[in-house]
Amino acid sequence: MKRHFSVEEDVLFPALEAATPKAGMAIRVMTMEHVQMLHMIQRLAMAVEQRSKQNALGLSETLFMTIQQHIIKEENILYPMADRYVPEVTSRIARLMKE
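Throughout, a residue's number is its position along its own chain's written sequence, starting from 1. Since the coordinates come from a predicted model, pLDDT governs what is reported: local features require at least 70, and pairs of side-chain atoms require 80 or more to be given and counted, while whole-chain, interface and lining totals use all residues. The side-chain quantities take in all heavy atoms of the structure and omit both hydrogens and water.

Description of unusual backbone geometry
Here is the rule: Strands here are runs of E lasting at least two residues and helices are runs of H or I lasting at least four, both read from the DSSP assignment and numbered beginning at the N terminus. Here the term buried applies to any residue with accessible area under 20% of the maximum for its type, exposed to any over 50%, and partly exposed to those in between, with areas from a 1.4 Å probe on protein chains only.
One non-glycine residue, Arg51, adopts positive backbone phi at about 55 degrees. In this structure, Arg51 sits in the loop between helix H2 (24-49) and helix H3 (53-85). Classification of Arg51 by relative accessible area gives exposed; the value is 78%.

Next up, the structure:
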């Protein structure tokens, strides 16, 4: 997850933001969700470490739903915008995500 977020935040977002002002709100939402998911992962790790089954299961469910919603936004808003405004960057990102 950290790798995925890093590629988006370090490569895609700056290129997209430079290419079109329309990307600003989408980028802010995606970045905020990255922070939220990383925080959930940290809390989940603590719950597992503390052997708090109920807390871990609840956090897992919340994280799963958040990831699903995030992916929908990526696939329906962010990535089509990237394909339109910075197609040269999208192929680079695809390679980076596979590394």
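Some remarks on the side chain of Glu8
We apply this condition: Polar contact is the term for a pair of N or O atoms within 3.5 Å; when the atoms are in protein, one must be able to donate a hydrogen and the other to accept it, and sequence-neighboring residues count only if both atoms are side-chain atoms. Two residues form a contact once any of their heavy atoms are found within 4.5 Å.
Inspection of the secondary structure puts Glu8 in helix H1 (residues 2-19). Within the structure, Glu8 has its side chain in polar contact with the side chain of His4 (distance 3.1 Å). Setting aside chain neighbours within four positions, we find Glu8 in contact with Phe13, Pro14, His34, His70, Glu74, Leu78, Tyr79 and Met97.

Observations concerning helix H4 (residues 87-98)
Formally: The span one expects for a helix is its residue count, reduced by one, times 1.5 Å. Throughout, the arc means the angular range of directions from the helix axis out to the C-beta atoms.
In this model H4 runs 18 Å from its N-terminal to its C-terminal C-alpha over 12 residues, within 8% of the 16 Å that 1.5 Å per residue would give. Those residues of H4 that sit buried are Val89, Ile93 and Leu96. Looking down the long axis of H4, one finds its buried residues gathered within 60 degrees of arc, a one-sided arrangement. Relative to its buried face, H4 has exposed residues pointing more than 90 degrees away, namely Glu88, Arg95 and Lys98. Those residues of H4 hidden inside the fold are in contact with H1.

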